Amino acid sequence: MHRISAILLPWVLAVGAEAAAQDWAKKMFQNNSHDFGIVARGSKQEYAFSLTNLYKEDVHISGLRSTCGCTTPRVTKDRIKTHEQTEVIVAYNTRSFLGAKGATITVIIDEPYYAEVQLTVSGYIRSDVVFQPGAVEFGSVDAGQGTSQKISVSYAGREDWEIMDVRSANEHFEVELEETLRSGGRVNYDMIVRLKPDTPPGFIHDQLLIVTNDSGSGNVSLPVEGQVVSAISVSPASLFLGVLKPGESVKKRLVVRGSKPFRIISVKCDDSSFTFDTSDGESKPLHFVPVEFKANEETGQIERKIEIETDLGQGFSAQCVANATIRR
């Protein structure tokens, strides 16, 4: 027994070391699995796995592979500098596949060290329900304007099939539903999805849940995408202040743009380590705002929200995120 243990021990240690060597890469991902749920044939289904470079060295993603043609993965940016983010976007092929489908996506990293991270997706693609178009895509919408899109819902099967409700956790959506056909086992609806004018600026990645009277698979998801664009923008949207020691300070500046002339009323941050120069009271479409940050005794990575208010009223504000690393 002792001899067998002596032979197995190096192998066990090697496997354990290999698993530990992958941990640094896994830690960059917010999560590693996603269930698309029950979706309609032809609907647009994508999910973004977000990862952040937690390290000082650049991270390079050299490739992606999937175990199933029902998914197509892509990466938004393959080289990630320290504290930068990227996304591995997995598209679910609902046009060519039906039924329960899942896949494992392998993310291959070759810098600063070799590692592989596995991501899993699953879902069920229904053949009897079709959305046209396959997603609610609002596109780019000016803040305060609102918009709408019509979706045609087609069903082939039971005579008594019915949509009972349309739900969403997003309070800025309104849905109007009208039945347009019920004959020969076919049922059609027109669904008007409205984006309310008071929707705040930002990207929209959400879902509508179509609740039907099916007993087994009564809920079908429909993606909602778009972007509400503020009349005021600030760059950079992510302000990196660098690596500092306690007591050190750094000066940067923000560029604030508007579609028409405006004045900056205030620049706010909950952290008193930040100071802003807002002495320029002139009304103009472009402003440069000096920012100074003085590191306190807190060490580690910090992330703070900066909010910019203008004299143009509701919907005409902007914000960015500042981050820094404090080391002794």
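Residues numbered from 1 in each chain as written. Predicted model: local features only at pLDDT ≥ 70, side-chain atom pairs only at ≥ 80, totals over all residues. Heavy atoms only, no water.

## As for the environment of Cys 320
Our working definition: Only runs of H or I of at least four residues qualify as helices and only runs of E of at least two qualify as strands under DSSP, and these elements are numbered from the N terminus. Only protein chains enter the area calculation, which uses a 1.4 Å probe; residues under 20% of their type maximum are buried, those over 50% are exposed, and those in between are partly exposed. It only takes one pair of heavy atoms within 4.5 Å for two residues to be counted as in contact.
Structurally, Cys 320 is set in strand 23 (residues 317-326). A relative accessible area of 1% means that Cys 320 is categorised as buried. Not counting chain neighbours up to four residues away, the residues in contact with Cys 320 comprise Val 234, Pro 236, Ala 237, Leu 254, Arg 304, Lys 305 and Ile 306.

## Focus on the environment of Thr 72
Tracing the chain through its elements places Thr 72 in strand 4 (residues 71-75). Looking at Thr 72, the relative accessible area reads 49%, which means it is partly exposed. It is 27 Å that separates the C-alpha atoms of Thr 72 and Gln 149, two residues lying 77 residues apart in sequence. With residues up to four places along the chain from it excluded, the contact list for Thr 72 reads Ile 89, Val 90 and Ala 91.

## Thoughts on the pattern of salt bridges
Using the following cut-off: Just to be clear on terms, a salt bridge is a Lys or Arg side-chain nitrogen sitting within 4 Å of an Asp or Glu carboxyl oxygen.
Summed over the entire model, instances satisfying the criterion amount to 19 salt bridges. Two residues, Asp 128 and Arg 126, come together in a salt bridge whose shortest N-O distance is 2.8 Å. For Asp 128, a relative accessible area of 22% corresponds to the partly exposed category. Accessibility expressed as a relative area gives 5% for Arg 126, which makes it buried. With a closest N to O distance of 2.9 Å, Asp 271 and Arg 304 form a salt bridge.

## Quick look at the sheet that holds strand 4
Spelled out, the test is: Strands pair, by our definition, only if DSSP identifies at least two bridges between them. Axes here mean lines fitted to C-alpha atoms, for a helix over just the part in contact, with angles spanning 0 to 180 degrees between N-to-C directions.
One open sheet holds the three strands; their spatial order is 2-6-4, and the pairing between them is antiparallel. Of all the strands in the sheet, just strand 2 (45-52) and strand 4 have a single pairing partner and so form its edges. Each strand axis lies, on average, 20 degrees off the axis of its neighbour in the sheet, ignoring direction. In terms of strand pairing, strand 2 meets strand 6 (residues 85-92) through eight bridges, oriented antiparallel. Looking across to strand 6, one finds that Leu 51 is bridged to Thr 86.

## What to know about the sheet that holds strand 23
Strand pairing within a sheet occurs via backbone hydrogen bonds; the two strands may be parallel or antiparallel. With respect to topology, four strands assemble into an open sheet ordered 17-23-22-19, the strand pairing being mixed. Each end of this open sheet is capped by a strand with a single partner; those strands are strand 17 (238-244) and strand 19 (264-268). Averaged over all adjacent pairs, the angle separating strand axes in this sheet is 20 degrees, with direction ignored. Judged from the four bridges that link them, strand 19 and strand 22 (residues 300-310) form a sheet pairing that is antiparallel. Bridged to Ser 266 within strand 22 is Glu 309.

## Regarding the pairing of strand 7 (residues 99-111)
Where strand 3 (residues 59-66) and strand 7 come together, six bridges link them in antiparallel fashion. Residue pairing in the sheet places Ile 61 in a bridge with Ile 109 of strand 7. Pairing of strand 7 with strand 8 (residues 115-132), which is carried by 11 bridges, proceeds in the antiparallel orientation. Residue Thr 106 lies in a different strand from strand 8, and its bridge partner there is Gln 118.

## Describing the confidence of the model for the protein
Quick reminder of the rule: You can read pLDDT as the predictor saying how much it trusts each residue, on a scale of 0 to 100.
Summary statistics for the protein give a mean pLDDT of 88 and a share of 93% for residues scoring 70 or more. Model confidence for the protein, summarised as mean pLDDT per element, is weakest for helix 1 (residues 2-26) at 52 and strongest for strand 13 (residues 186-195) at 96. Segment residues 1-17: pLDDT under 50, and zero contacts once partners within four positions in sequence are set aside and those in other chains are kept.

## Some points on the packing of aromatic side chains
As a reminder of what qualifies: Planes of paired rings set the category: under 30 degrees apart is stacked, over 60 is edge-to-face and the rest tilted, where pairs are Phe, Tyr or Trp rings (Trp by its six-membered ring) whose centres lie within 6.5 Å.
Under the criterion given, the structure shown has nine aromatic pairs. Note on Tyr 155 and Trp 161: the rings are 4.3 Å apart at their centroids and 5 degrees apart in plane angle, and the pair reads as stacked. Summarising the burial analysis for this pair, Tyr 155 and Trp 161 share the class buried.

## Regarding unusual backbone geometry
Going from Glu 111 to Pro 112, the amide bond is cis rather than trans, its omega being 0 degrees. Secondary-structure assignment places Pro 112 in the loop between strand 7 and strand 8. Put simply, Gln 132 and Pro 133 share a cis peptide bond, and its omega is 0 degrees. Looking at the element boundaries, Pro 133 is found in the loop between strand 8 and strand 9 (136-142). Phi at His 83 takes a positive value of approximately 70 degrees, unusual for a residue other than glycine. One can find His 83 in the loop between strand 5 (79-80) and strand 6. We classify His 83 as buried; its relative accessible area is 18%.

## Examining the state of the cysteines
This is how it is decided: Note on disulfides: each one is a pair of cysteine sulfur atoms within 2.5 Å.
For the structure shown, the criterion picks out zero disulfides. Left without a disulfide partner, Cys 269 is nearest to the cysteine sulfur of Cys 320, which lies 8.9 Å away.

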